[in-house]
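# Structural overview
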Amino acid sequence: MSRADFRRRQSRRRRQKLARMSRHLPTFILLLAITVLAGGGIFALYRFVLAKQPDGTVQVIASSGQNGSPNPNGNSPSAGGASPGGDSAGGASGGNFGGSSGNSSSGASGDSSSGPSDQPSAEAPQDDISRLIAQADRIAMGYDYDKAAELINSSGLDLEDSRMKEALARYESQKAALVPADMNAVTHIFFHSLIMDTSKAFDGDSDSANYNSVMTTKDEFLKILEDMYQKGYVLVRIHDVAYEAPDENGNVRFVKGSVMLPEGKKPFVMSQDDVCYYPYMDGDGFAKRVVIGEDGKPTCEMVMDDGTTSTGSYDLIPLLEDFIQEHPDFSYKGARAIIAFTGYEGILGYRTASSYQNSPTYEADREQAARVAQCLKDNGWELASHSWGHLHLGVADGPQAGFAIDEERFRTDTDKWEAEVESLIGPTDIILYPYGNDIADWRPYHQDNPRFAYLESKGFRYFCNVDASKPYWTQMGTNYFRMARRNLDGYRLYEDLIQTDPARKRLTDLFDAAQVFDSARPTPVSWSYQK
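Please read these numbers as outputs of a predicted model, since none were measured by experiment.

### Here we look at the confidence of the model for the protein chain
Overall, the predicted model of the protein chain reaches an average pLDDT of 85, with 76% of residues at or above 70. In the model, residues 46-115 has pLDDT below 50 throughout and makes 259 contacts with residues more than four positions away in sequence or in other chains.

Put into structure tokens, the structure is as follows:
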């Protein structure tokens with residue numbers, strides 16, 4: 001073969017090879033494109049998933065410091081009580097510990113700033129240190145600066161970081177600015193179940209007058225909270241006001257508490273009676289029961305018009321929780337209100353009374369009520385007795401008439417509350433007298449008072465009557481602490497609303513009744529408390 005023929009053959013083979021390859025070129029291009037797109041998609045997905053992952057290990061808890069004990073001995077109460085008609089003082093005469101609300105001038109207008117100064121920025125935390133400081137800041141907003149500092153110091157994070165140093169310095173500065181609150185001037189306000197639907201509560205049936213007199217509406221309650229917050233009130237536990245402690249000889253006795261707050265802030269105690277949701281309240285615009293929410297906090301269930309059950313803020317407990325979440329500086333070191341139970345229909349909306357023991361849900365109700373009670377205590381609420389049968393435990397109407405019920409009935413009722421309520425909620429040392437009906441007059445308790453001696457033997461140390469004749473009243477003995485409460489219900493709001501003499505208005509230290517009174521209420525509001 002000549003050289004020319006060899007070149008021609010080689011050239012022909014190359015052309016044939018290229019022709020064969022060109023037929024597969026579109027396939028090669030398509031495969032390349034698919035590979036590029038798939039790779040890009042995988043990369044984008046990886047970046048997206050990575051961005052969703054937390055870049056730290058510090059858990060942010062959006063709540064104030066609720067586990068700190070206000071007392072040096074670490075004691076904390078827990079118990080309950082309730083009543084068919086609720087509990088309130090309403091008589092016109094003042095200073096009667098048997099349940100009258102009395103008149104007084106309180107006249108304090110005292111505005112003050114509504115929160116601690118030098119609060120940190122509300123920007124979303126971005127890393128471990130920022131999240132830790134956000135958690136500590138929330139605790140500090142409840143005036144527990146030591147707990148906030150301890151959280152940072154024990155975190156294991158870099159204490160030399162400038163943000164950590166700044167936070168610790170800020171807590172120290174805010175703590176140094178605190179002043180002792182006057183523990184002799186602590187007011188105690190109370191409510192019954194809040195009216196959620198006024199059209200049902202005030203529908204003219206046989207219970208309407210009672211609701212109008214002793215209940216408070218949701219709108220009124222929220223206005224009261226806001227007004228008291230703006231006036232500088234801070235919620236404290238009754239155990240913050242006074243508590244038992246050993247003296248220099250080791251003898252346990254009551255001492256006044258020490259609450260440190262910013263200048264202009266004023267401590268107060270709150271309680272709610274009859275948190276039992278009695279059957280007669282069904283369909284009248286109230287919550288049905290207290291439950292544990294998905295966030296682990298107590299909330300309420302309410303039956304809607306269509307018969308379905310809704311979970312939400314349908315009474316004082318979740319409404320106060322909501323308010324404190326929005327205003328952490330309204331609560332001193334995680335304080336919440338006192339919740340009081342009777343026992344004759346059960347507690348918290350569960351039919352736990354022995355009269356329901358044949359109900360198919362009896363045991364389940366008792367178990368769930370106990371879980372809800374523990375949830376309340378875990379979240380800072382104090383529980384109290386309101387007697388088992390909502391009885392007049394104290395003196396009769398006439399000062400010389402003696403006790404309203406005999407000694408045997410008094411002890412039987414106290415024992416039944418212990419067996420049917422305290423067995424579910426745990427020990428308590430607080431009793432809120434039904435009708436505000438105290439077991440003595442204004443003079444100190446003594447051991448020769450058989451009712452005081454019996455209640456003390458059952459572990460009670462805090463005794464609360466009702467007396468709206470003055471902004472505050474307390475009495476401390478070596479083994480007890482007494483405190484008067486003020487009823488903020490329809491009757492009291494209306495009486496303040498129509499009072500033309502400023503010196504005889506009773507609520508002006510807290511709020512202006514004209515701005516709080518719910519226009520949905522029938523007027524006039526007379527005292528109508530079914531006993």
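Read on for the rest.
### Things to note about unusual backbone geometry
Following Thr523, the chain continues to Pro524 via a peptide bond in cis, the omega torsion being 0°. Positive phi outside glycine occurs at His390, with the angle close to 55°. In this fold, His390 is placed in the loop between strand 14 (382-385) and helix 11 (407-425). Since its relative accessible area comes to 3%, His390 is described here as buried. Phi is positive for Tyr435, which is not a glycine, with a value near 60°. When you line up the elements, Tyr435 lands in the loop between strand 15 (430-432) and helix 12 (450-457). We classify Tyr435 as buried; its relative accessible area is 6%.

### Some words on the nonpolar core
Counting 82 residues, the largest nonpolar core has Met270, Leu320, Phe341 and Leu348 as its most contacted members. The element that contributes the greatest number of residues to this core is helix 9 (residues 316-326), accounting for six residues. Beyond its immediate sequence surroundings of up to four residues, Leu348 is in contact with Val275, Cys276, Tyr277, Arg289, Val290, Phe341, Ala369, Val372, Ala373 and Leu376. Counting 39 residues, the second largest nonpolar core, distinct from the first, contains Ile133, Val241, Tyr243 and Phe481.

### Some points on helix 3 (residues 145-153)
Taken together, the buried positions of helix 3 are occupied by Tyr145, Ala148, Ala149 and Ile152. An end-on view of helix 3 places all buried positions within 95° of arc, on one side of the element.

### Points about the side chain of Ser331
As for its position among the elements, Ser331 is in the loop between helix 9 and strand 13 (338-341). Residue classification places Ser331 among the buried positions, given a relative accessible area of 0%. Among the polar contacts listed, one links the side chain of Ser331 to the backbone nitrogen of Gly334, at a separation of 3.5 Å. Apart from residues no more than four positions distant in its own chain, Ser331 is found in contact with Gly142, Tyr143, Val234, Leu235, Ile324 and Arg336.

### What to know about empty space enclosed by the protein
Which parts of space are left empty comes out when a probe the size of a water molecule is rolled across the atoms. All told, the structure shown has four cavities of 30 Å³ or more when counted by the stated rule. Of the pockets and cavities examined, the largest cavity occupies roughly 50 Å³. Lining the largest cavity, in full, are Ser385, Ser387, Leu393, Asp413, Thr414, Trp417, Ile431, Leu455 and Phe460. Looking at the lining of the largest cavity, the element that brings in the most residues is helix 11, giving three residues. Among the residues making up the lining of the largest cavity, the classes are represented as five nonpolar, three polar and one charged.

Rules and cut-offs
Within each chain, residues carry numbers counting from 1 in the order of the written sequence. Thresholds applied to this predicted model are a pLDDT of at least 70 for local features of residues and 80 or more for the giving and counting of side-chain atom pairs; totals over whole chains, interfaces and linings are not thresholded and use all residues. Hydrogens and water molecules were not included; the side-chain quantities draw on all heavy atoms of the structure. Confidence of the predictor at the level of single residues is given by pLDDT, which spans 0 to 100. Contact between two residues is taken to exist if any of their heavy atoms lie within 4.5 Å; hydrogens are not considered. Numbering of helices and strands runs from the N terminus; a helix is a DSSP stretch of H or I covering at least four residues, while a strand is a stretch of E covering at least two. Buried residues are those whose accessible area, probed at 1.4 Å on protein chains only, stays under 20% of the maximum for their type, while exposed residues exceed 50% and partly exposed ones sit between those limits. Among buried residues, the Ala, Val, Leu, Ile, Met, Phe, Trp, Tyr and Cys ones that are joined through side-chain atoms within 4.5 Å form a nonpolar core. What the arc measures is the spread of directions leading from the helix axis to the C-beta atoms. Polar contacts, as counted here, are pairs of nitrogen or oxygen atoms within 3.5 Å of one another; within protein the pair requires one atom able to donate a hydrogen and one able to accept it, and residues that are adjacent in sequence qualify only if both atoms are side-chain atoms. Grid points spaced at 1 Å over the protein atoms alone were grouped into cavities, where a 1.4 Å probe fits but cannot get out, and pockets, open sets with protein on both sides within 12 Å along at least five of seven lines, with lining residues defined by an atom within 4 Å of a point. Grid points are joined across faces, edges and corners, and a volume is the space filled by probe spheres set on the points. Residues are grouped as follows: Ala, Val, Leu, Ile, Met, Phe, Trp, Tyr, Cys and Pro are nonpolar; Asp, Glu, Lys and Arg are charged; all remaining types, including Gly, are polar.

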